[in-house]
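# Structure assessment
Spelled out from the first residue to the last, the chains are:
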Amino acid sequence: MTQIAKTLDQLIGEGVAGRRVLVRSDLNVPLDGSTITDDGRIRASVPTIKALADAGARVVVVAHLGRPKGEPEARYSLAPVAARLGELLGRDVAFATDTVGESARQTVAGLVDGGVALLENVRFNAGETSKDDVERKAFAAQLAGLADAFVSDGFGVVHRKQASVYDVAELLPHAMGTLVAAELDVMTRLTENPERPYAVVLGGSKVSDKLGVIDNLLGKADTLLIGGGMVFTFLAAQGHQVGKSLLEEDQIATCQGYLTRAAEAGVEIVLPTDIVVDTAFPSGEREPAPRVVAADAIPADALGLDIGPASGETFAAALQGARTVFWNGPMGVFEVPAFADGTRAVAQALTEVTAAGGLSVVGGGDSAAAVRTLGFADDAFGHISTGGGASLEYLEGKVLPGITVLESDKVAG
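### Focus on the sheet that holds strand β6 (residues 116–118)
The strand order β5-β6-β4-β1-β7-β8 describes an open sheet built from 6 strands, whose pairing is parallel. In the strand order of this sheet, the two ends are held by β5 (93–95) and β8 (174–176), each with one partner. The mean inter-strand angle of the sheet, taken between neighbouring strand axes irrespective of direction, is 25 degrees. As defined by bridge partners, strand β1 (residues 20–24) adjoins strand β4 (residues 58–62) across 5 bridges and the pair is classed as parallel. Directly across from valine 21, in β4, lies its bridge partner valine 59. Contacting β5 and β6, helix α3 (residues 79–89) crosses the sheet at an angle of about 170 degrees to β5.

Structure (structure tokens):
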């Protein structure tokens, strides 16, 4: 890193009263219709927005929701988010019904010192995610025209080279928000001299989603625990039949290589010894009911949907005494009570690491949703990341464009 990005405190110290500050937040929350089912990312975005507003800035928040195809879709509107953001801030949040159009210009023009506005979903404009540099930069220029400075505070998108993440930072004086700074501090602690023993828990559906992380962490972690749908490719790599379970046959050889490398490096890979299976998913009123089988004896007509109770105890025991734990990906289909116990066991083990003074990190995405769905308090963990993909790419050792652009003082004239 050749230069440290400007902090939010430094930007505020330079004076932001009366200035329009564009803040890229991550407000991509799950919705049930127009009801927000988990407002964790909104709550995480509040400190930066509030600090700027309290300092007299005219705050213009830009964010995305879902994956619209470059044009407006009602189901992806940020209107419900604007209402919740206002509640959490304790102040009105003006909402623009477009991103860079007439509504956005009028809404920003109407801001007073300390006022906050949220623009409509930035991905309603094709320029936001365009692979064409010219199209993307043209959209960024329109966004930059609404502001005098830029603050990057959406950690969940810093691994994307997108207009509101990367290109706008090249056009405006810029700083790193408190959320992104906190996320990077935690990620640094996970990758640079982590306190040991260091355990990594990986779950989720596919091995292919975690290849880079496994590859990089085999040389850093002391213990690697594997659950979720990805475990069946590892079981197949050991020569076991996995029935109808999720299997990436093209990754079996890769998993065999990881098992060999781990043994040679003295890294312990912990795989489940029992699995909760059903004959189909989603489960229905049929026989046999979901049941527990040995991991090396999955019936041909069954598919695994969670790690079993013995494995939950084994995983918890493996995490006991760890000083650093990173967890990304649930152990099973946690949304269904019959397949949630493995994820609950891991979450409980992480809270005990926290209570003992260790660092426990929940790596965003489905993992963050799982701990909240299962009733765990956010402060029971050392850190719940707002960026699943970004945290994984950081741990893979990849360059995050939305971070590197903040480390430059260059602003296009």
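### Re the pattern of salt bridges
Considering all chains together, one arrives at 24 salt bridges under this definition. A salt bridge links aspartate 133 to arginine 136, with the nearest nitrogen and oxygen atoms 3.0 Å apart. With aspartate 133 and arginine 136 both in helix α5 (residues 133–144) and 3 residues apart, the pair spans about one turn of that helix. Via salt bridges that share partners, Asp38, Asp39, Arg43, Arg84, Glu87, Arg372 and Asp378 belong to a single interconnected network.

### Points about helix α13 (residues 388–396)
Working note: α-helix, 3.6 residues per turn, so residues spaced by three or four point in the same direction. Those residues of α13 that sit buried are Gly388, Ala390, Ser391, Leu392, Glu393 and Leu395. Where the residues of α13 are buried, they touch α6 (178–191), α7 (211–217), β15 (324–328) and α12 (365–373). Glycine 397 sits one or two positions beyond α13 and adopts a positive phi of about 90 degrees.

### Overview of the pairing of strand β7 (residues 149–152)
Of the two faces of β7, the one carrying Ala149 and Val151 and the one carrying Phe150 and Ser152 are both buried. In the sheet, β1 pairs with β7 via 4 bridges, with the strands oriented parallel. Bridge pairing in β7 places leucine 22 opposite phenylalanine 150. In terms of strand pairing, β7 meets β8 through 3 bridges, oriented parallel. Its bridge partner lying in β8, valine 151 is registered against alanine 175.

### As for a positive patch on the surface
A cluster of basic side chains, namely Arg67, Lys69, Lys131 and Arg160, defines a positive patch on the protein surface. Inspection of the secondary structure assignment puts lysine 131 in the loop between β6 and α5.

### With respect to the environment of alanine 82
Along the chain, alanine 82 falls in helix α3. On the accessibility criterion, alanine 82 (7% relative accessible area) is buried. Note: C-alpha distance between alanine 82 and arginine 136 (54 residues apart in sequence) is 25 Å. In contact with alanine 82, not counting residues within four places along its chain, are Val93, Phe95 and Leu118.

Criteria and thresholds
- Residues numbered from 1 in each chain as written.
- Predicted model: local features only at pLDDT ≥ 70, side-chain atom pairs only at ≥ 80, totals over all residues.
- Heavy atoms only, no water.
- Pairing = 2+ DSSP bridges.
- Helix = DSSP H or I, 4+ residues; strand = E, 2+ residues; numbered from the N terminus.
- Axes fitted to C-alpha atoms, helices over the stretch in contact; angles between N-to-C directions.
- Contact = heavy atoms within 4.5 Å.
- Salt bridge = Lys/Arg side-chain N within 4 Å of Asp/Glu carboxyl O.
- Buried < 20%, exposed > 50% of the residue type's maximum accessible area, 1.4 Å probe, protein only.
- Patch = residues over 30% accessible without salt bridge, like charges linked within 9 Å, V, L, I, M, F, W, Y side chains within 5 Å.
- Areas by Shrake-Rupley, 256 points an atom, 1.4 Å probe, with all protein chains shown as cover.
- Lys, Arg positive; Asp, Glu negative; His and termini not counted.
- Charge placed at Lys NZ, Arg CZ, Asp CG, Glu CD.

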